[in-house]
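# Understanding the architecture of this molecule
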Amino acid sequence: MLGTLRQRLLALFLLVSILPSLGLTLFVTFYLSRSIAALRNPETENALAQSLEVIREGIERLGNDARQHAEVMALDPAARRLLEAGNLADLERRLREEARSRGLDYICLYKVGPPPQRIFGARLGPRITLPEPEQESLKGALEQGGLITGGEAPRQVSGVAPMGKDHMLLGGYQLDPEISKEILSLQKNLVMYRKLGVYTWISERSLWIFAGIWTLVLGLLSFGLAYLVSRGIARPVLELRGGMERVSGGDLAHRVTPSGTQEVRFLGRTFNQMVEELQTSRRALVRAERLAAWREVARAVAHEIRNPLTPIQFALERLREEARRPEAPRSQVVQENADLILNEVHSLQEFVNAFSAVAQLPEPRFGACDVGALAESVAKLYRGSSPVEFRVEIGTPLPLAWADEAQIQRVLVNLIKNALEASPDRGTITMRAYRENGAEARVRIEVEDSGPGMDPATLERAVAPGFTTKSTGSGLGLTLVQRIVEQHSGRFGLESHPGIGTCAWFTLPPVSEAPS
């Protein structure tokens with residue numbers, strides 16, 4: 001049977017290599033099993049679970065806070081008297097002011113059912129939506145005092161308190177959309193990591209089954225084949241292990257290249273996906289922290305109060321020139337400039353008081369606004385104060401806009417200030433106001449300068465908070481403009497061409513589209 005040299009060498013090699021092959025097989029299998037088991041790090045799973053628990057505790061604290069506010073407001077004797085007297089208008093006004101002073105985002109009054117009927121609901125900020133809880137949810141909230149709406153991605157956290165025998169009060173906070181996304185992301189990561197534990201368990205068992213089959217059926221393979229197989233399997237697993245160590249050390253930018261068997265490649269892809277989700281979660285947490293710091297950043301907008309000082313200065317200079325005239329000052333000029341100064345000072349005081357109270361823009365006081373007359377009035381403040389020529393073009397017919405005149409004046413002052421700083425000495429600033437025809441009729445206002453314009457990169461970042469091309473300034477002017485326009489349900493944009501100039505425009509809804 002073993003007559004040839006090749007057959008004898010093969011038989012001898014198999015006999016000599018059976019023991020080391022067996023030992024090597026057991027060693028490699030044990031080593032790979034431990035390496036795969038190392039993929040499941042309990043600390044990472046605990047970190048994900050703790051992060052989710054921290055967010056849930058924060059939401060629960062918000063619910064307790066909302067419930068306490070609702071209970072205090074429901075026990076208010078004055079509010080109870082208004083409710084018993086059936087004076088719902090005054091009751092709504094009182095509850096709205098009380099809820100705003102307590103920092104709530106909305107307040108609702110329900111009549112106990114069945115089914116529960118909402119008597120009124122007040123939103124106390126922009127982009128706030130009222131919760132729409134079901135009947136059973138409201139009943140449970142009345143017993144427990146808290147209510148979270150939005151399912152797996154919570155949107156509102158409310159507190160519920162009985163008010164009299166037949167009514168209940170619901171007030172609460174609207175969560176930032178980033179928090180809902182963070183909860184879903186953490187839940188997804190936690191589920192994925194637990195699935196990874198199942199995959200590692202299956203991989204460990206598969207390795208031992210493979211080792212047994214290898215030992216029983218292919219135990220006579222050569223040392224070299226065993227070496228190549230061990231090398232081909234161990235390398236990607238070691239890479240995964242090294243990647244886990246680097247990620248555990250905080251290097252979330254590290255990725256591994258999936259290689260090896262299909263199972264190991266799957267583990268590599270799963271590892272990369274898990275790290276990507278962790279990195280996304282960390283960025284979301286950083287964004288959440290930055291949102292908390294925005295109240296401090298918002299106070300920097302107070303620098304924008306310097307803008308009204310320019311027309312005040314111009315008006316005072318005109319008054320000084322009038323006082324230097326040899327004849328008596330003209331009462332019309334004095335009255336006109338004094339009224340301008342008083343209007344700007346009053347607007348400035350109102351803005352600062354409201355902004356300092358809540359570190360945010362005051363709520364717009366909507367009304368019919370003649371944008372054309374407002375543009376003429378603002379341009380009049382600047383004419384003659386600089387060599388720049390001011391033009392005002394009013395289209396006809398121009399409908400009245402539904403807006404807060406003081407805030408729109410602040411928008412125009414901001415845009416003119418930017419245009420003045422960009423315009424050359426003999427440049428031209430053109431203000432236009434006309435009816436924008438289209439699917440939705442809008443009042444469009446434009447402020448165009450003849451400055452050097454902006455390149456596409458600068459134009460893209462122009463509205464970003466804190467971005468400025470000037471040596472001075474807070475870089476929040478255009479950000480403030482955009483926020484005011486958005487509060488008015490309008491659109492804001494910039495169009496610029498290097499060497500030609502820049503046009504800043506925004507739109508406002510006409511009075512015909514104002515809410516009843």
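Structure: see above.
As the structure is a prediction and not an experimental result, all values here were calculated from the model.

### Re the packing of aromatic side chains
For the coordinates displayed, the defined rule picks out 3 aromatic pairs. Between the aromatic rings of Phe366 and Trp402, the centroid separation amounts to 6.3 Å while the plane-to-plane angle is 5°, which identifies the pairing as stacked. One end of the pair, Phe366, is in the loop between helix H10 (331-358) and strand E6 (367-369); the other, Trp402, is in strand E8 (residues 401-403), with 36 residues separating them in the sequence. Ring pairing ties together the aromatic residues Phe314, Tyr382 and Phe390, which thus form one cluster. Sitting over the face of the ring of Trp505, Arg444 holds its NZ or CZ atom 4.2 Å from the ring centroid.

### Here's the deal with the packing of helix H12 (residues 405-422) against helix H14 (residues 477-487)
What describes two packed helices is the angle between their axes and the distance between those same axes. The contact between H12 and H14 brings their axes to 10 Å, and the two run at 150°. Viewed along their axes, H12 and H14 adopt a mutual orientation that is roughly antiparallel. For the pair H12 and H14, the sense of crossing is left-handed. Contact residues: H12 offers Gln407, Val411, Asn414, Leu415 and Asn418, while H14 offers Gly477, Leu478, Leu480, Val481, Ile484 and Gln487. Partitioned by chemical class, the residues of the contact of H12 with H14 number 6 nonpolar, 5 polar and no charged.

### A look at the sheet that holds strand E3 (residues 146-149)
One open sheet accounts for 5 strands, arranged E2-E1-E5-E4-E3; its pairing is antiparallel. Unpaired on one side and paired on the other, strand E2 (117-123) and E3 mark the two borders of the sheet. Taking the axes of each pair of neighbouring strands and ignoring which way they run, one obtains an average angle of 20° across the sheet. When strand E1 (residues 106-111) meets E2, the two strands line up antiparallel, connected through 6 bridges. For Tyr110, the partnering residue across the bridge sits in E2 and is Arg118. Relative to strand E4 (residues 156-163), helix H3 (residues 77-84) is tilted by about 70°, and along the sheet it contacts E1, E4 and strand E5 (167-174).

### Some details on the sheet that holds strand E9 (residues 428-436)
Taken in spatial order, the 5 strands make up an open sheet running E7-E9-E10-E12-E11, and their pairing is mixed. Every other strand in the sheet has two partners, leaving strand E7 (389-394) and strand E11 (492-497) as the edge strands with one partner each. Across the sheet, the axes of successive neighbouring strands diverge by a mean angle of 15°, strand direction being ignored. Strand direction decides the pairing type here: strand E10 (residues 442-448) and strand E12 (residues 501-508), joined by 6 bridges, are antiparallel.

### Let's talk about unusual backbone geometry
Residues Thr396 and Pro397 are joined by a peptide bond in cis, for which omega reads -5°. With respect to the helices and strands, Pro397 occurs in the loop between E7 and E8. With a phi close to 60°, Arg127 is a non-glycine residue in the positive phi region. With respect to the helices and strands, Arg127 occurs in the loop between E2 and helix H5 (135-144). For Arg127, a relative accessible area of 68% translates into the label exposed. The backbone of Ser489 shows a phi angle near 60°, a positive value even though the residue is not glycine. Here Ser489 lies in the loop between H14 and E11.

### Digging into the pattern of salt bridges
For the structure on display, the rule yields 21 salt bridges. In this structure, the salt-bridge partner of Arg325 is Glu322, at a minimum N-O distance of 3.2 Å. With a relative accessible area of 27%, Arg325 lands in the partly exposed category. The class of Glu322 is buried, set by a relative accessible area of 3%. Measuring nitrogen to oxygen at the nearest pair gives 2.7 Å for the salt bridge that ties Glu448 to Arg432. Of this pair, Glu448 sits in strand E10 while Arg432 sits in strand E9, and the two are 16 residues apart along the sequence. Since its relative accessible area comes to 27%, Glu448 is described here as partly exposed.

Analysis parameters
- Residues numbered from 1 in each chain as written.
- Predicted model: local features only at pLDDT ≥ 70, side-chain atom pairs only at ≥ 80, totals over all residues.
- Heavy atoms only, no water.
- Phe/Tyr/Trp six-rings, centres within 6.5 Å; stacked < 30°, edge-to-face > 60°.
- Helix = DSSP H or I, 4+ residues; strand = E, 2+ residues; numbered from the N terminus.
- Lys NZ or Arg CZ within 6 Å of the ring centre and 35° of its normal.
- Axes fitted to C-alpha atoms, helices over the stretch in contact; angles between N-to-C directions.
- Parallel < 35°, antiparallel > 145°, perpendicular 65-115°, else oblique.
- Left-handed = near helix turned anticlockwise from the far one by under 90°.
- Contact = heavy atoms within 4.5 Å.
- Nonpolar A, V, L, I, M, F, W, Y, C, P; charged D, E, K, R; others polar.
- Pairing = 2+ DSSP bridges.
- Buried < 20%, exposed > 50% of the residue type's maximum accessible area, 1.4 Å probe, protein only.
- Salt bridge = Lys/Arg side-chain N within 4 Å of Asp/Glu carboxyl O.

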